Amino acid sequence: MAKQDKQFVKEITPQSEDFSRWYIDVLQKAEWMDYAPVRGCIVIRPDAYEIWERCQRELDREFKRTGHRNAYFPLFIPESFFEKEKEHVEGFNPELPWVTEAGGDILEERLAVRPTSETMFGHMYAQWIQSYRDLPLLLNQWANVVRWEKRTLPFLRTSEFLWQEGHTAHATEEEAREETMRMLGIYADFVESFLAIPVIRGQKTPSEKFAGAVETYTIESLMKDGRALQTATSHYLGQNFAKSFEIQYLDRDNQLKYVYTTSWGMSTRILGAIVMVHGDDRGLVLPPKLAPTQVVIVPIGPAKAREAVVAKARDLFEALQRAGVRVHMDDRDDVSPGWKFNEYELRGVPIRIEIGPRDLEASQAMFARRDTGEKFAVPLDGAVERVQALLSDIQRDMFDAAKRRLEENSHVAESLQQLVDLIQTKRGFVLAGWCGDEACERAVKDACTATSRCIPFHPPAHPETCVTCGKPAKHAVWFAKSY
RNA sequence: CGGAAUGUAGCUCAGGUGGUAGAGCGCACGGUUCGGGACCGUGAGGUCGCAGGUUCGAGUCCUGUCAUUCCGACCA
């Protein structure tokens, strides 16, 4: 059996056999999560949480760079707040958990556990904003939110999840629109350059937009099973919440005016995307920029040879550390090399370096790439530079591979029948013309369960007619089965 | 929230027609090993998801409930 084909880690269902089971298997075997004893809730275990922390750090830096500050708003939101914005309450009511009793008393007003915080920010902004001099107000919070979903899936859709939600208020529509697009850009850049996941940027159709938004913008990614995942959204809220919560400011002309607000968020859902975009039958595959451990060194050899091998391995370990590489050395002698190989592959470490007696003689080390499985000898002299170059190669190659997969699984449909065929036989993204009528959009879903993912900013084609009704198309829309 | 399936050791699972709980892997200890999940020996580990019921007796039968998975309706 060829090495590449061998099933190295038992107990992981192959992707080709059952993608959903593969996903759950990997998450559990790699110790990213475990189920908690509450419906739809998981524990995010340290390895996964560390990934989230690294995402937080990157994003937070970008938020700060663009003038935002962090704050923390309450977990509980009075029921009356929701009723102020009609569309908002209708959108979220079905999934709100309520606190009705506390301290042994029935509460006078029920408190919702926040599903998102537009209303709470709105309430506070109304008090803090008086003058045009108070604008723009640019805040973000890192928080947990709860949405009582009917159907849950680890990371992608859990009852409680972690995210950041940015909430900004601006004097003008133009400024708020700029902010909306700026943050979408920050998300897209982060996901593509840091996570090596290519995205499609676009606008949500009215039926898919955030409850209470004027417009919702999104980045969409393609999972390995051909389903789409919304990885972040940015909302232009216009004056909807400003009017519901009386967020007004006195302008230079001494006129009282409503502000324009935005909100934007990215959640721990992104961890699921990392798994589903890059993972393979051996487990996780982490892009080097994200990976907490970029290189693992495994010294090999029986007791006699071991001392010299470990010494040489340690030299390399220290040299890599000095060069700023996140490197781990596993010199445990109670675990076999083969076991270690499988373990670090399962956990997605980008590069493995093996050093054994044979390498010592040749003054070299064996390198193994996690993304391609390639194995090759590298002279110890210059190994540090080679690692650095390889890390950026892997980062680029992983993105390119995912990008290629996205392109190969993106098609254009001229008719509803063709769209349905593509979705049913190939999955992936299918571009089609749309007249703008919600019924036509709905017809696609009824025909094949694919939903409109977005109206892309840069469509690869411009269909002239609506895929459902045949009238002139107003937009090109990406349809896909989605998570 | 509807339909289907599953729930026995940390993991994968076995336990006809009811009779008091097993294997492999993992774990602990000792020894031998080390280039793709090494081997030998000894040992620890179980309210059989939970709650009722039937029975002299329930992992096994009945009812309910909780959780997970898959398929639908709703969603970051």
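Details of the structure are given in the entry above.
A few words now on the overall build of chain A. For chain A, the helix and strand inventory stands at 14 helices and 23 strands. A compact globule built from 483 residues should have a C-alpha radius of gyration of about 23 Å, and chain A, at 25 Å, falls within 12% of that. With respect to the three principal axes, the spread of C-alpha positions in chain A is 85 × 55 × 50 Å. Considering chain A as a whole, with its 483 residues, one finds that 54% of them fall into the buried category. By sequence separation, contacts in chain A at least 24 residues apart represent 69% of the contacts at least 6 residues apart. For chain A, the accessible area works out to roughly 21,800 Å², and carbon and sulfur atoms hold 48% of it. Chain A carries 62 positive and 72 negative side-chain charges, and their two centres are separated by 3 Å.

Turning our attention to the pattern of salt bridges. Evaluation of the coordinates by the stated rule reveals 36 salt bridges. The salt bridge involving Asp446 is made with Arg442; its shortest N-O contact spans 3.2 Å. Taken together, the residues Asp446 and Arg442, both in helix H14 (residues 438-448) and four residues apart, mark about one turn of the helix. Salt bridges here are not isolated pairs; linked through shared partners, they connect Arg369, Asp371, Glu374, Asp393, Arg396 and Asp397.

What follows is about the side chain of Arg282. Positionally, Arg282 belongs in the loop between helix H8 (269-278) and strand S15 (295-299). Judged by its relative accessible area of 16%, Arg282 falls in the buried class. In terms of polar contacts, Arg282 uses its side chain to reach the side chain of Glu345, at 3.2 Å.

Not every one of the 47 residues close to RNA strand B is listed here, only the nearest: Thr158, Gln230, Arg269, Trp339 and Asp359. The sugar and phosphate moieties of RNA strand B supply 42% of its atoms located within 4 Å of the protein. For RNA strand B, a sugar or linking oxygen lies 3.4 Å from a polar atom in the side chain of Arg147. At a separation of 2.3 Å, a base nitrogen of RNA strand B approaches a polar side-chain atom of Asp359. Sorting the residues of the surface near RNA strand B by element identifies helix H1 (19-29), helix H10 (337-346), strand S17 (351-355), helix H11 (357-362) and H14 as the ones contributing at least two each. Among the elements that line the surface near RNA strand B, the one with the most residues is H10, at seven residues. Its residues placed into classes, the surface near RNA strand B shows 14 nonpolar, 10 polar and 23 charged.

What the 11 strands build is an open sheet, ordered S3-S7-S8-S14-S11-S10-S9-S22-S23-S21-S20; its pairing is mixed. For this open sheet the edge positions go to strand S3 (69-70) and strand S20 (410-412), each flanked by a neighbour on one side alone. Pairing between strand S10 (residues 215-222) and strand S11 (residues 228-238): eight bridges, direction antiparallel. Considered in S11, the bridge of Leu222 is made with Ala228. Seen against the sheet, helix H6 (residues 173-194) touches strand S7 (137-146), strand S8 (160-170), strand S9 (200-203), S10, S11 and strand S14 (260-267) and runs at an angle of roughly 10 degrees to S14. Contacts from H8 reach S10, S11 and S14, with the element oriented near 145 degrees to S11.

Each value, and the rule that gives it
Residues numbered from 1 in each chain as written. Chains lettered and ligands numbered in written order. Predicted model: local features only at pLDDT ≥ 70, side-chain atom pairs only at ≥ 80, totals over all residues. Heavy atoms only, no water. Helix = DSSP H or I, 4+ residues; strand = E, 2+ residues; numbered from the N terminus. Rg over C-alpha atoms; globule rule 2.2 N^0.38 Å. Buried < 20%, exposed > 50% of the residue type's maximum accessible area, 1.4 Å probe, protein only. Contact = heavy atoms within 4.5 Å. Areas by Shrake-Rupley, 256 points an atom, 1.4 Å probe, with all protein chains shown as cover. Lys, Arg positive; Asp, Glu negative; His and termini not counted. Charge placed at Lys NZ, Arg CZ, Asp CG, Glu CD. Salt bridge = Lys/Arg side-chain N within 4 Å of Asp/Glu carboxyl O. Polar contact = N/O pair within 3.5 Å; in protein donor to acceptor, adjacent residues only side chain to side chain. Near = heavy atom within 4 Å. Nonpolar A, V, L, I, M, F, W, Y, C, P; charged D, E, K, R; others polar. Pairing = 2+ DSSP bridges. Axes fitted to C-alpha atoms, helices over the stretch in contact; angles between N-to-C directions.

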